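# Remarks on the overall topology
These are the residues of each chain, in order.
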Amino acid sequence: MVTPRSLRPPEPHPIPLGSLFPGTDRPDVGVSGITLDSRLVQPGDLYVALPGRSTHGARFAAAAVDAGAAAVLTDAEGAALAAGLPAAVVVVADPRRAMAGAAADIFGRPSERLTMLAVTGTNGKTTTSYLLEAALRAAGRRPGLIGTIGFRLDGQALESARTTITTPESPELQALLATMREGGADSVVMEVSSHAVVLGRADAITFDVAGFTNFGRDHLDFHGTEEAYFEAKAELFTAARTRHAVVNIDDPRGRQLADRVRAGAAVRLTTTSLAPGADFFPDRIEPQTDGSSRLVLTTPLGQLDLVLGLPGEFNIANAVTAVAMLAAVDVDLDRAVTGLAAAQVPGRMQRVDLGPEAPTVIVDFAHTPQAVGSVLSSLAGRRCIVVLGAGGDRDVQKRGPIGAAAARGAAVVIVTDDNPRTEEPAAIRARVLEGAREVATSLTGGVEVLDGGDRRSAIRLALQRAGVHDVVAILGKGHEEGQEVSGTVHPFSDSAVVEQEWNVLNGGAA
Ligand SMILES: CC(=O)N[C@H]1[C@@H](OP(=O)(O)OP(=O)(O)OC[C@H]2O[C@@H](n3ccc(=O)[nH]c3=O)[C@H](O)[C@@H]2O)O[C@H](CO)[C@@H](O)[C@@H]1O[C@H](C)C(=O)N[C@@H](C)C(=O)N[C@H](CCC(=O)O)C(=O)O
Ligand SMILES: Nc1ncnc2c1ncn2[C@@H]1O[C@H](COP(=O)(O)OP(=O)(O)OP(=O)(O)O)[C@@H](O)[C@H]1O
Ligand SMILES: N[C@H](CCC[C@H](N)C(=O)O)C(=O)O
């Protein structure tokens, strides 16, 4: 079977172009779908020709029309490029913003018939979304899930080719919401990245609740400054975008956001924290030997007992945020929290079991300095060997701090490649190594910092160096099943490579 690049509801319902753009000179043209990629055009689509970083989508308008596009939406520059096309052309000042409204209308405004829950924050979006999904299902709801790992309906993966994009562009997003609604979803949990807010991907949706997990260093390549990055996230908590804000106030940006929402008085506010002083916080945390925790939460609705299967204090914070979001949309909490005991997230604090004679191996998606720090502090108490790098074509300023966070939390730091993309792998490693070495030389404990070369070799080295009582933490790629090098994605799964290299080290076949 060919995996579809994007999902659409099976029965298109054409609507007149004039109902989308009342000023158009071709109001009767019927439009039954929408896309911003000429390669994905289906007959009857509105092709949105957007200006991009490398080219203008209008250069592909002729190909889109050949593929059956009924109309083209673009800006003035695009209109000049698309002049003479045998299709209706609608010209607006900001086609990206217009696209979101048109996508919602074309697919029947599905979000208005769903309970919509958004999660944003530098780290924890995917984890919190999975916790929400598990809890909603335990409460008898049928949730859709949209995020970095993919799309799911009621716990089952939907078949669709994926990149690592967290929040799809509005045409794909609205089509997905409609597909989920037609598939019986009553609610949708989605990750909303800061890119998505700036690029208007989730415009035309008013969420019932939006949750804020935390704020740290990432994506300065896209946003330019930390302030702009914060403002992008804060925008999700305005009345045009959500009815209720659930804000974790454990970091200064969370407190700033909560103050702002409170002062604005247009959006209901619930605060969460790991400590007293918020509406929802854990009153008691009892760690269990298997990594799970028994929690008693204080909430405005009374005390709530629950078991959280995911290890790590930061996951307790994610769980508290999830519970407060469920309360905000009136889900039966006593039933919902029973789903949190068994909830798992692929590639997040994932244990790779190599047997009783082997070190403990953890695969985790930590790819920010803050996430690396949280994971390593959750493993404190045991000698830890960490394997990590940083992605190419992403925020260069986080590379040194990622190395530094690793050196602060581990006994041995093995620096390797993440997804180098179009960059020279050794140059990326050099920045991470530099950050790690700076910290290592300032510490008295004798942290060892090594250049592990390619990822397979680095994993092998870590396993060679680890004793049975040690922990090997392989960070940055989590659930990813490929490694992108110079435009090609090579199959690569950290957990599978760990198993292969362990077998080889123990005399077996790869
Ligand atoms: C760097 C970046 O943000 N790029 C976005 C941008 O692409 P671009 O400007 O490079 O586009 P371009 O290549 O110049 O092409 C211009 C237009 O022509 C179209 N085109 C191009 C070629 C063709 O044959 N046919 C065609 O129609 C393209 O679809 C595009 O609309 O416009 C595209 C569509 O408009 C976006 O999908 C794309 O996101 C890319 C895929 C991306 O990687 N984004 C990342 C950075 C991202 O969004 N990340 C966030 C953050 C996750 C987190 O929090 O960790 C996310 O939500 O995933
Ligand atoms: N609340 C948290 N605080 C700090 N670190 C966290 C938190 N939650 C998760 N992490 C760390 O961040 C990593 C990524 O977590 P997760 O995938 O849930 O975040 P995300 O926001 O969805 O990331 P991305 O935006 O890249 O998809 C985890 O593997 C873990 O190491
Ligand atoms: N959503 C994040 C994921 C990063 C994952 C890491 N493995 C990398 O490739 O940098 C990004 O696109 O920046």
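How each quantity is defined
Residues numbered from 1 in each chain as written. Chains lettered and ligands numbered in written order. Predicted model: local features only at pLDDT ≥ 70, side-chain atom pairs only at ≥ 80, totals over all residues. Heavy atoms only, no water. UniProt positions renumbered as here; feature names shortened; annotations may be inferred. 1 Å grid on protein atoms, 1.4 Å probe; cavity = no way out; pocket = protein on both sides within 12 Å on 5 of 7 lines; lining within 4 Å. Helix = DSSP H or I, 4+ residues; strand = E, 2+ residues; numbered from the N terminus. Buried < 20%, exposed > 50% of the residue type's maximum accessible area, 1.4 Å probe, protein only. Points joined across faces, edges and corners; volume = space filled by probe spheres on them. Nonpolar A, V, L, I, M, F, W, Y, C, P; charged D, E, K, R; others polar. Pairing = 2+ DSSP bridges. Domains from an automatic or database assignment. Contact = heavy atoms within 4.5 Å. Buried area = accessible area lost by both parts, 1.4 Å probe. Salt bridge = Lys/Arg side-chain N within 4 Å of Asp/Glu carboxyl O. Polar contact = N/O pair within 3.5 Å; in protein donor to acceptor, adjacent residues only side chain to side chain. Core = buried A, V, L, I, M, F, W, Y, C linked by side-chain atoms within 4.5 Å. Near = heavy atom within 4 Å. Areas by Shrake-Rupley, 256 points an atom, 1.4 Å probe, with all protein chains shown as cover. Axes fitted to C-alpha atoms, helices over the stretch in contact; angles between N-to-C directions.

### Quick look at the UniProt feature "binding site: ATP" (unreviewed entry) in the protein chain
Those places that UniProt annotates as "binding site: ATP" (unreviewed entry) correspond, in this numbering, to Gly121, Thr122, Asn123, Gly124, Lys125, Thr126 and Thr127. Lining the largest cavity, from the set of annotated residues above, are Thr126. Looking at the secondary structure, you find Thr122 in the loop between strand E7 (115–120) and helix H5 (125–138). A relative accessible area of 6% means that Thr122 is categorised as buried. With respect to the helices and strands, the residue Gly124 is situated in the loop between E7 and H5.

### Description of empty space enclosed by the protein
Under the definition given, this model contains 1 cavity of 30 Å³ or more. Roughly 40 Å³ of volume is contained in the largest cavity. Thr126, Ser129, Tyr130, Leu145, Ile146, Gly147, Thr148, Ile149, Gly150, Arg152 and Glu191 together form the lining of the largest cavity. Where the lining of the largest cavity is concerned, the elements lending two or more residues are H5, strand E8 (143–147) and strand E9 (150–153). By residue class, the composition of the lining of the largest cavity is 4 nonpolar, 5 polar and 2 charged.

### Some thoughts on the pairing of E7
Burial within E7 is extensive, with 6 of its 6 residues counted as buried. Burial of the side chains of E7 extends over both faces: Thr115, Leu117 and Val119 are buried on one face and Met116, Ala118 and Thr120 on the other. Summarising the sheet, E7 and strand E12 (residues 209–212) pair through 4 bridges and their orientation is parallel. Each residue of the ladder has a partner; that of Ala118, found in E12, is Ala210.

### With respect to the domain arrangement of the protein chain
For the protein chain, the assigned domains read domain 1 (15–106), domain 2 (110–340) and domain 3 (350–505). Using C-alpha coordinates to define each centre, domain 2 is positioned 28 Å away from domain 3. Between domain 2 and domain 3, the residue contacts involve 15 residues of the former and 17 residues of the latter. Both faces considered, domain 2 and domain 3 share a buried interface measuring about 1200 Å² in area, 53% of it formed by carbon and sulfur atoms. Linking domain 2 to domain 3 there are 0 salt bridges. Our enumeration of links across domain 2 and domain 3 arrives at 2 residue pairs in polar contact (both at pLDDT 80 or more).

### Things to note about the nonpolar core
In terms of nonpolar packing, the biggest core is built from 38 residues, with Leu308 and Val323 touching the most fellow members. Among the elements of the structure, E7, H5, strand E16 (293–299), strand E17 (302–308), helix H11 (313–328) and helix H12 (333–336) are those that each provide at least two residues to this core. Per element, the largest residue contribution to this core is 10 residues, and it comes from H11. Beyond its immediate sequence surroundings of up to four residues, Val323 is in contact with Phe280, Leu297, Leu304, Leu306, Leu333, Val337 and Leu340. Leu114, Ala185, Ile205 and Val267 belong to the second largest nonpolar core, which has 36 residues in total.

### A word on the site of ligand 2
Residues in close proximity to ligand 2 total 21 residues, the closest being Lys125, Thr126, Thr127, Thr148 and Asp364. For ligand 2, an oxygen atom lies 2.7 Å from a polar atom in the side chain of Thr148. Separating an oxygen atom of ligand 2 from a backbone N or O atom of Ala366 is a distance of 3.5 Å. In isolation ligand 2 offers 620 Å² of accessible surface; the protein chains occlude 95% of this area. Looking at the shell around ligand 2, the elements that each hand over two or more residues are H5, H11 and helix H13 (369–378). Residues of the shell around ligand 2, tallied by class, amount to 5 nonpolar, 12 polar and 4 charged. Looking at the shell around ligand 2, you find at least three residues from each of domain 2 (110–340) and domain 3 (350–505).

### Considering the UniProt feature "modified residue: N6-carboxylysine" (unreviewed entry) in the protein chain
Feature annotation in UniProt assigns "modified residue: N6-carboxylysine" (unreviewed entry) to the following positions: Lys233. Residue placement: Lys233 occurs in helix H9 (residues 226–235). Its relative accessible area of 1% is what places Lys233 among the buried residues. The contacts of Lys233, once residues within four sequence positions are left out, are Thr120, Gly121, Thr122, Ser194, Phe212 and Phe215.

### Focus on the sheet that holds strand E10 (residues 156–157)
In a beta sheet, neighbouring strands pair by backbone hydrogen bonds and run either parallel or antiparallel. Read across the sheet, 8 strands follow the order E10-E9-E8-E11-E7-E12-E13-E14 without closing on themselves; strand pairing throughout is mixed. Pairing within the sheet leaves two strands with one partner each, and these edge strands are E10 and strand E14 (268–272). Relative to the sheet, helix H10 (residues 252–264) contacts E12, strand E13 (244–248) and E14, its axis offset from that of E14 by approximately 155 degrees.

### Describing the layout of surface pockets
It is the rolling of a water-molecule-sized probe over the atoms that shows where space remains empty. Roughly 590 Å³ of internal volume is contained in the second largest pocket. As for the second largest pocket, its lining consists of 24 residues, of which Asp290, Gly291, Ser292, Pro311 and Gly312 are closest to the centre. At the level of secondary structure, the elements contributing two or more residues to the lining of the second largest pocket comprise strand E15 (281–287), H11 and strand E19 (360–364). For the lining of the second largest pocket, the residue count by class is 10 nonpolar, 9 polar and 5 charged. If you count residues domain by domain, the lining of the second largest pocket takes at least three from each of domain 2 (110–340) and domain 3 (350–505).

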